[in-house]
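# Residue-level structural notes
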Amino acid sequence: MRPYLWSEAGNPSSVHAPGRRAREGVDTAREQIASVLGCKPGEVIFTSGGTEADNLAVIGLALAEMGRGRHIVTTAIEHHAVLFAARSLRARGLEVTELAVDQAGRVDPADIEAAVRPDTTLVSIGLANNEIGTIQDLPSLARVARAAGARVHTDAVQAAGQLDINVDRLGVDLLSLSAHKLYGPKGAGALFVREGVDLERRAFGGAQERDRRAGTENVPGVVGLGEALMRADTERERRTAHMRSLSAALVERVTAGCSKVRVTGDPERRLPAFAPFAFADIDAESLLIRLDLEGIAVSTGAACTSGSLEPSHVIEALGLPENFRRGSLRCTVGWGTTLDEVWRAGEAIERHVRMLRTVAASPGAV
């Protein structure tokens with residue numbers, strides 16, 4: 001990325017020499033991404049990140065296909081970039097079906113078959129969930145949707161670098177990516193759009209990205225995305241084996257050391273980096289703060305809304321018992337994480353869970 005940050009400042013839409021050099025960087029990144037996805041370079045649209053890619057896929061296709069149908073299908077556990085985009089379409093007269101999932105976060109192909117209709121234009125299902133790591137059997141789900149005449153979009157932001165994201169093997173028509181999930185720069189993403197799929201543009205201005213996404217490309221970010229995805233794909237087997245062993249060690253340590261804990265998500269089909277938990281009778285936000293003070297960075301399934309913490313929509317959709325829903329903790333490892341760090345995190349989680357429960361059980365505890 002360095003040349004495009006400091007010395008190669010040309011606009012890739014310009015025909016002068018600096019512009020051509022910038023265009024070369026963008027084109028190289030497009031080819032890198034296409035090689036991983038197994039698609040044509042012209043089927044890759046650069047965006048500002050996964051959120052814009054999801055919005056463009058869901059809203060852009062739904063509006064472009066309104067003459068054919070006004071029904072789209074998604075699931076109750078999608079990232080808000082998909083879920084809120086889909087719900088926004090109701091104001092335009094479209095109907096949105098949000099499918100339930102089982103306790104592991106899996107979508108049943110039979111539910112897809114029951115939901116799709118002749119007027120269904122889009123089915124959007126994430127390849128792997130960003131809170132619990134559950135991996136969907138997307139090829140099976142996509143076959144059902146496409147047999148009914150619907151286009152299929154997948155949010156692969158969390159899955160890229162850990163799973164095969166070849167678009168033909170997945171059977172999808174649109175696929176979203178984000179660079180920062182791949183150790184690339186923030187603020188860069190991409191959307192695969194299969195040739196022949198119509199999208200209504202969401203940004204107006206120039207004719208960049210084959211007239212589908214106006215605005216001068218973020219050249220350093222695009223270059224970083226292409227390189228990050230190539231490296232992640234080349235090293236995927238080694239990285240995922242490392243992460244799988246560490247996440248398994250963390251699950252083993254926490255479940256052995258803590259009572260009343262559940263590992264959320266699918267026990268078999270879960271992203272290698274994920275070790276997601278739900279603890280009974282504690283507030284995971286308090287646990288997060290305590291762990292952060294020890295230099296351990298985790299996430300909770302809770303979001304702050306109007307000053308009060310509520311369980312995330314993903315945790316709610318799993319149907320966990322009420323006393324587990326505020327105790328959702330998402331732990332992930334990376335390719336640079338060590339076993340010592342995992343054991344230290346596991347010990348800290350066990351210790352603070354015990355302390356929080358002791359405090360909650362004390363007379364006068366709030």
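## Thoughts on the state of the cysteines
Evaluation of the coordinates by the stated rule reveals zero disulfides. We note that Cys331 lacks a disulfide partner, and the nearest cysteine sulfur, in Cys258, lies 10 Å from it. Note on Cys331: relative accessible area 3%, which makes it buried.

## A look at helix 9 (residues 219-234)
Counted at 1.5 Å a residue, the expected span for helix 9 with its 16 residues is 22 Å, and the 23 Å between its end C-alpha atoms agrees. Taken residue by residue, helix 9 has Val219, Pro220, Gly221, Val222, Val223, Gly224, Leu225, Gly226, Ala228, Leu229 and Ala232 as its buried positions. Buried residues belonging to helix 9 abut helix 1 (2-6), helix 2 (17-37), strand 1 (44-47), strand 6 (174-178), strand 7 (189-193) and helix 10 (236-257).

## Here we look at the packing of helix 10 against helix 13 (residues 339-361)
Taken N-terminus to C-terminus, the directions of helix 10 and helix 13 make an angle of 25°; their axes are 9 Å apart at the nearest point. Classified by the angle their axes make, helix 10 and helix 13 are roughly parallel. As helix 10 packs across helix 13, the resulting crossing turns out to be right-handed. Each of Leu246, Ala249, Leu250, Arg253, Val254 and Gly257 in helix 10 lies in contact with helix 13, whose residues at this interface are Leu339, Val342, Trp343, Gly346, Glu347, Ile349 and Glu350.

## Regarding the side chain of Asp173
With respect to the secondary-structure elements, Asp173 resides in the loop between helix 7 (167-170) and strand 6. Only 3.1 Å separates the side chain of Asp173 from the side chain of Arg146, close enough to count as a polar contact. Excluding residues that lie within four positions of it along the chain, Asp173 makes contacts with Arg146, Ala150, Arg151, Val152, Phe192, Val193, Arg194 and Val197.

## Description of the sheet that holds strand 1
What the seven strands build is an open sheet, ordered 1-7-6-5-4-2-3; its pairing is mixed. The open sheet terminates on both sides in strands that have one partner only, identified here as strand 1 and strand 3 (95-99). Ignoring strand direction, the axes of neighbouring strands in this sheet form an average angle of 20°. Examined bridge by bridge, strand 2 (residues 71-75) and strand 4 (residues 120-124) share three bridges and lie parallel to one another. Within the sheet, the bridge partner assigned to Ile72 lies in strand 4 and is Leu122. Those strands touched by helix 2 are strand 1, strand 6 and strand 7, and its axis lies near 120° from that of strand 1.

Procedures and definitions
- Residues numbered from 1 in each chain as written.
- Predicted model: local features only at pLDDT ≥ 70, side-chain atom pairs only at ≥ 80, totals over all residues.
- Heavy atoms only, no water.
- Disulfide = S-S within 2.5 Å.
- Buried < 20%, exposed > 50% of the residue type's maximum accessible area, 1.4 Å probe, protein only.
- Helix = DSSP H or I, 4+ residues; strand = E, 2+ residues; numbered from the N terminus.
- Expected span 1.5 Å × (residues − 1).
- Contact = heavy atoms within 4.5 Å.
- Axes fitted to C-alpha atoms, helices over the stretch in contact; angles between N-to-C directions.
- Parallel < 35°, antiparallel > 145°, perpendicular 65-115°, else oblique.
- Left-handed = near helix turned anticlockwise from the far one by under 90°.
- Polar contact = N/O pair within 3.5 Å; in protein donor to acceptor, adjacent residues only side chain to side chain.
- Pairing = 2+ DSSP bridges.

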